[in-house]
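# Structural overview for review
Each chain, letter by letter, is given below.
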Amino acid sequence: MSTRDRTGLTLSGVTVRLGDGDAVVTALDDVSLTVAPGELVAVVGPSGAGKSSLLAVAGALTIPDEGTVSIDGHDIAAMSARDRAAYRRDHVGFVFQTGNLLPALTALEQLRLVTKLSHHRTDVRSPARLLADVGMAHKADRRPHQLSGGERQRVGIARALVGRPSLLLVDEPTAALDRARSHEVVQLLARETKQSAVATVMVTHDQDVLEHCDRVIEMIDGRLSAG
Ligand SMILES: Nc1ncnc2c1ncn2[C@@H]1O[C@H](COP(=O)(O)OP(=O)(O)OP(=O)(O)O)[C@@H](O)[C@H]1O
């Protein structure tokens, strides 16, 4: 899909219940949210408010009990489990707290692995060029243990963008970083969000980095409010 045809992420009246029997918890309670292509939205809120559940449902890892989730107009609940997994692989990028890189692979190999897994596609980004875009070309041959926390995050962000995702979901990207590195990593996310026309949702506890985001929303008890 051309980036011009993207419409981003839409959650409409989404409710997610977890657990069973007497222990059912309403993790998301009638949540509606739109994130446009090129927009970086931060999600803040206390522990247990439903932030991880929001990422899981937005990224088609779970389907809602009520309401709809669509990515570029595709309703994820209407897909078979197999199609949903393929859709996730091709259209959603994930960035985790500490990069989640594979220890045995160099920075460049982490990105090349994605191109191998996406061999059915001709439109993926060049790993070497993308690594240069995130300022890591000079460390392409390093393995994760030879990189700093900030550098690992840069590689993790680049890896998430190889497949030109429509949606980028980011979980506490600065949890392991000092203040200066945190700003750099979120600035990079903001820049790539714009340049790649990706709809980005970032869960964070880090008040310092909110200035780089287009919008901040707060979750409390499974509900959203403007932060
Ligand atoms: N598998 C599960 N079964 C039952 N309840 C669950 C399950 N996973 C999470 N919950 C509950 O759902 C609610 C939302 O949890 P969630 O992990 O989405 O919150 P969070 O905002 O991401 O928290 P944190 O900031 O601590 O990561 C919480 O009350 C939590 O205890």
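Residues numbered from 1 in each chain as written. Predicted model: local features only at pLDDT ≥ 70, side-chain atom pairs only at ≥ 80, totals over all residues. Heavy atoms only, no water.

### Remarks on the site of the ligand
- Around the ligand, the structure places 13 residues, and the nearest of them are Ser47, Gly48, Lys51, Ser52 and Ser53.
- One nitrogen or oxygen atom from the side chain of Ser52 is found 2.6 Å from an oxygen atom belonging to the ligand.
- Between Ser53 and the ligand, the recorded distance is 2.6 Å, taken from a side-chain N or O atom to an oxygen atom.
- When contributions to the shell around the ligand are tallied by element, the ones reaching two or more residues are strand S2 (25–35) and helix H1 (51–58).
- The element best represented in the shell around the ligand is H1, accounting for three residues.
- The residue inventory of the shell around the ligand, partitioned by class, reads five nonpolar, seven polar and one charged. (Near = heavy atom within 4 Å. Polar contact = N/O pair within 3.5 Å; in protein donor to acceptor, adjacent residues only side chain to side chain. Helix = DSSP H or I, 4+ residues; strand = E, 2+ residues; numbered from the N terminus. Nonpolar A, V, L, I, M, F, W, Y, C, P; charged D, E, K, R; others polar.)

### So, the packing of aromatic side chains
- Evaluation of the coordinates by the stated rule reveals one aromatic pair.
- Between Phe94 and Phe96, the ring centres sit 6.3 Å apart and the planes meet at 10°, which makes this aromatic pair stacked.
- Relative accessible area serves as the criterion here: at 23%, Phe94 is assigned to the partly exposed category.
- Assessed through its relative accessible area of 35%, Phe96 is described here as partly exposed. (Phe/Tyr/Trp six-rings, centres within 6.5 Å; stacked < 30°, edge-to-face > 60°. Buried < 20%, exposed > 50% of the residue type's maximum accessible area, 1.4 Å probe, protein only.)

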